[in-house]
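# Residue-level structure breakdown
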Amino acid sequence: MNIKRNQFGMGPDVSLFTLGTMRATGSTEQMYSVVKEACLTGINHIETAPAYGKAENLLGTAMRKLNSEGVRPEGGWVITSKILPGTTVNKGKRQLQEILTTLGISKIHNLAIHGLNLEEHLNWALNGEGSKLIKWAEQERLIGQVGFSSHGSFELIKEAIDSHRFRFCSLHLHLLDQERLPLAKRALEKHLGVMAISPADKGGHLHSPSKTLISDCSPISPLELAYRFLLSQGISTLTLGASDIKDFKIAKKLINSNNPLSKSEQNALEKLNQKSKERLGNTLCGQCRECLPCPNEIPIPEILRLRNLSIGMDLQSFTKERYNLIGRAGHWWEKNNANACQSCGDCLPRCPHHLNIPELLKETHCKLVNTPRRRLWG
Ligand code: SF4
Ligand code: SF4
């Protein structure tokens, strides 16, 4: 069977799925079996990072073993690794050399700036030490092309795409969170490769969906529908953070499926949206962002999106996990939760849906915040 490959910036073409290595770090055997299964699935692109603990070490060992057994994709593996922004040129040089040695390769096809989340990160890459580091790595032919991954604001990502410095980007693009889809389209129009980060886990814990979500998406599974939605939008490749060979089941089915949505897929999407709207009634947040800015810097649309998902689609574990990460993940996620609302009312006249925002925030907080555990001592 011919396996489809998508253009990925100026680098080698990549499969519709990319193996993410952060969940296969339990042992050499686990990484070996996951990488082998990726190859058998038709995947040729692996995404890794020094920040994923033992991942690069285990991956290097697995690739060497598989090479010796003649197991590798046609044209060889395409590797994406990452470095964190903010490092000095000398430290960055050492990190790059270490990645190459650990993986046992002479060139990283795609080097991503890992977590370009703040304006200072972008400055580092475009004008600071980062730009010198990238120039050096390109001159030494240690990297093929440079991209970035970002959890940052819409404006920051747009600026990064428009800088023309990057040839690919990894973004949070999800069926259940389509806020960044226009950015992905913008990047694709500029011929950047676009990788969707974690459509299964960060896309709503779709590996363990609620009964409600399963029923709303039927006859298609929520994860398959999410993958198909992204692929039909032209996203270059979707990350698959496998920890077991069972995790490749849907990717095997969809490895060549980036055609437009079928009638039955469109119907399933319509049903999903309709059911959610019915459950939320006139409290559905339309995600238009007109309510911002809040003087207390509350990310109103993000919090009400979690409410939409919790009530509209019964995504309990996911929405609680995301809500309770607020204020605890540095620049990787929001800082203030709904508890910071002072009911000043500034946002109210700006909401075209006439939502009672302070009330909805309060309700969301009570619903999603983790109750402090009872102390067992003193
Ligand atoms: S009512 Fe609450 S959410 Fe709205 S602007 Fe005031 S503090 Fe922010
Ligand atoms: S203005 Fe209203 S509908 Fe729009 S994001 Fe804010 S709360 Fe949601």
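Whatever comes next refers back to the structure up there.
Rules used throughout
- All residue numbers refer to positions counted from 1 along the written sequence of the respective chain.
- Here every chain gets a letter starting at A, and every ligand a number starting at 1, in the order they are written.
- The predicted nature of this model means local features are confined to residues of pLDDT at least 70 and side-chain atom pairs, given and counted, to a pLDDT of 80 or more, with totals for whole chains, interfaces and linings taken over all residues.
- Water and hydrogen atoms were dropped before computing side-chain values, which therefore reflect all heavy atoms in the structure.
- Working definition: residue near molecule or strand if any one of its non-hydrogen atoms lies within 4 Å of it.
- Residues are sorted three ways: Asp, Glu, Lys and Arg are charged, Ala, Val, Leu, Ile, Met, Phe, Trp, Tyr, Cys and Pro are nonpolar, and all the rest, Gly among them, are polar.
- For each residue, the accessible area found with a 1.4 Å probe, counting protein chains only, is set against the maximum for its type, and the residue is called buried under 20%, exposed over 50%, and partly exposed in between.
- Labels follow the DSSP assignment, with helices taken as runs of H or I lasting at least four residues and strands as runs of E lasting at least two, numbered in each case from the N terminus.
- Throughout, a residue-residue contact means that at least one pair of heavy atoms, one from each residue, lies within 4.5 Å.
- For two strands to count as paired, DSSP must find a minimum of two bridges between them.
- Handedness is read with the strands pointing away from the viewer; a crossover is right-handed when the path from the first strand over the helix to the second is clockwise.
- Whenever a helix is involved, its axis is fitted only over the stretch in contact; in every case the axis is a line through C-alpha atoms, and angles between N-to-C directions fall within 0 to 180 degrees.
- Roughly parallel refers to an angle under 35 degrees, roughly antiparallel to one over 145, roughly perpendicular to one between 65 and 115, and oblique to any angle outside these ranges.
- Left-handed describes a crossing in which the near helix is turned anticlockwise from the far one by less than a right angle; the clockwise case is right-handed.
- The term salt bridge refers to a pairing of a side-chain nitrogen on Lys or Arg with a carboxyl oxygen on Asp or Glu at a separation within 4 Å.
- Joining through side-chain atoms within 4.5 Å is the link that ties buried Ala, Val, Leu, Ile, Met, Phe, Trp, Tyr and Cys residues into a set, and such a set is a nonpolar core.
- Start and end points for every domain follow an automatic or database-based domain assignment.
- Our arc is simply the arc of the directions from the helix axis toward the C-beta atoms.

## A closer look at the site of ligand 1
- By nearness alone, 13 residues border ligand 1, and Cys 294, Cys 341, Cys 344, Gly 345 and Cys 347 come closest of all.
- Within the shell around ligand 1, the residues separate by chemical class into eight nonpolar, four polar and one charged.

## Observations regarding the site of ligand 2
- Close contacts around ligand 2 come from 14 residues, with Cys 285, Cys 288, Arg 289, Cys 291 and Cys 351 the closest.
- Classifying every residue of the shell around ligand 2 by side-chain character gives nine nonpolar, three polar and two charged.

## Let's talk about helix α5 (residues 129-139)
- The complete set of buried residues in α5 reads Gly 130, Ser 131, Leu 133, Ile 134, Trp 136 and Ala 137.
- Against β5 (78-83), α3 (89-103), β6 (108-114), α4 (119-126) and β7 (143-149) lie the buried residues of α5.
- Positive backbone phi, at 60°, marks Arg 141, one or two positions downstream of α5.

## So, the pairing of strand β3 (residues 17-20)
- Of the two faces of β3, both are covered, the one formed by Phe 17 and Leu 19 as well as the one formed by Thr 18 and Gly 20.
- Bridging between β3 and strand β10 (residues 237-240) involves three bridges; their strand directions are parallel. Of the residues in β10, the one forming a bridge with Thr 18 is Thr 239.
- Here β3 runs beside strand β4 (residues 45-47); their pairing, made up of three bridges, is parallel. Looking at β4, one finds that Gly 20 is bridged to Glu 47.
- For the segment spanning β3, helix α1 (residues 28-41) and β4, crossover handedness is right-handed.

## Looking at the pairing of strand β8 (residues 168-171)
- Residues of β8 alternate between two faces, with Phe 168 and Ser 170 on one and Cys 169 and Leu 171 on the opposite face, all of them buried.
- With respect to chirality, the unit in which β7 leads through helix α6 (residues 154-162) into the neighbouring parallel β8 is right-handed.
- Bridge analysis of β8 against strand β9 (residues 193-196) gives four bridges, and the strand direction is parallel. Residue pairing for β9: Cys 169 is matched across the bridge by Val 194.
- For the crossover that starts at β8, traverses helix α7 (residues 181-189) and ends in the parallel β9, the hand is right-handed.

## Some details on the packing of α4 against α5
- At their nearest, the axes of α4 and α5 sit 4 Å apart, and the two run at 40° to each other. Here α4 lies oblique to α5, going by the angle between them. Pair α4 / α5 crosses with right-handed handedness. Residues Trp 124, Ala 125 and Leu 126 of α4 lie in contact with α5, whose contacting residues are Glu 129, Gly 130, Ser 131, Leu 133 and Ile 134.
- Its residues placed into classes, the contact of α4 with α5 shows five nonpolar, two polar and one charged.

## As for the pattern of salt bridges
- The final tally for this structure, using the stated rule, is 16 salt bridges.
- Of the charged contacts, one joins Lys 190 and Asp 162 as a salt bridge, the two residues approaching to 3.6 Å between their closest N and O atoms. With Lys 190 in the loop between α7 and β9 and Asp 162 in helix α6, this residue pair connects regions lying 28 residues apart in the sequence.
- Under the relative-accessibility criterion, Lys 190 is labelled partly exposed at 27%.
- Through salt bridges with shared partners, a single ionic network connects Asp 162, Arg 186 and Lys 190.

## A closer look at unusual backbone geometry
- With omega at 10°, the peptide bond leading from Ser 218 into Pro 219 counts as cis.
- With respect to the element layout, Pro 219 can be found in the loop between α8 (211-217) and α9 (222-232).
- Of the consecutive residues Leu 292 and Pro 293, the connecting peptide bond is found in the cis state with omega at 0°.
- Relative to the assigned elements, Pro 293 resides in the loop between α11 (263-280) and α12 (300-312).

## So, the nonpolar core
- Within the largest apolar cluster, 89 residues are counted, with the highest numbers of intra-cluster contacts made by Phe 17 and Phe 148.
- Both of domain 1 (6-262) and domain 2 (284-368) provide at least three residues apiece to this core.
- Not counting the four nearest positions on each side in its chain, Phe 17 is found in contact with Ile 43, Tyr 227, Leu 231, Thr 237, Leu 238, Ala 251, Leu 254 and Ile 255.

## Digging into α7
- Buried residues of α7: Leu 181, Leu 183, Ala 184 and Ala 187, and no others. Seen along its axis, α7 keeps its buried residues to an arc of 155°; they face one direction.
- Just beyond α7, the residue with positive phi is His 191, at close to 65°.

Nothing here speaks to function; it is all geometry.
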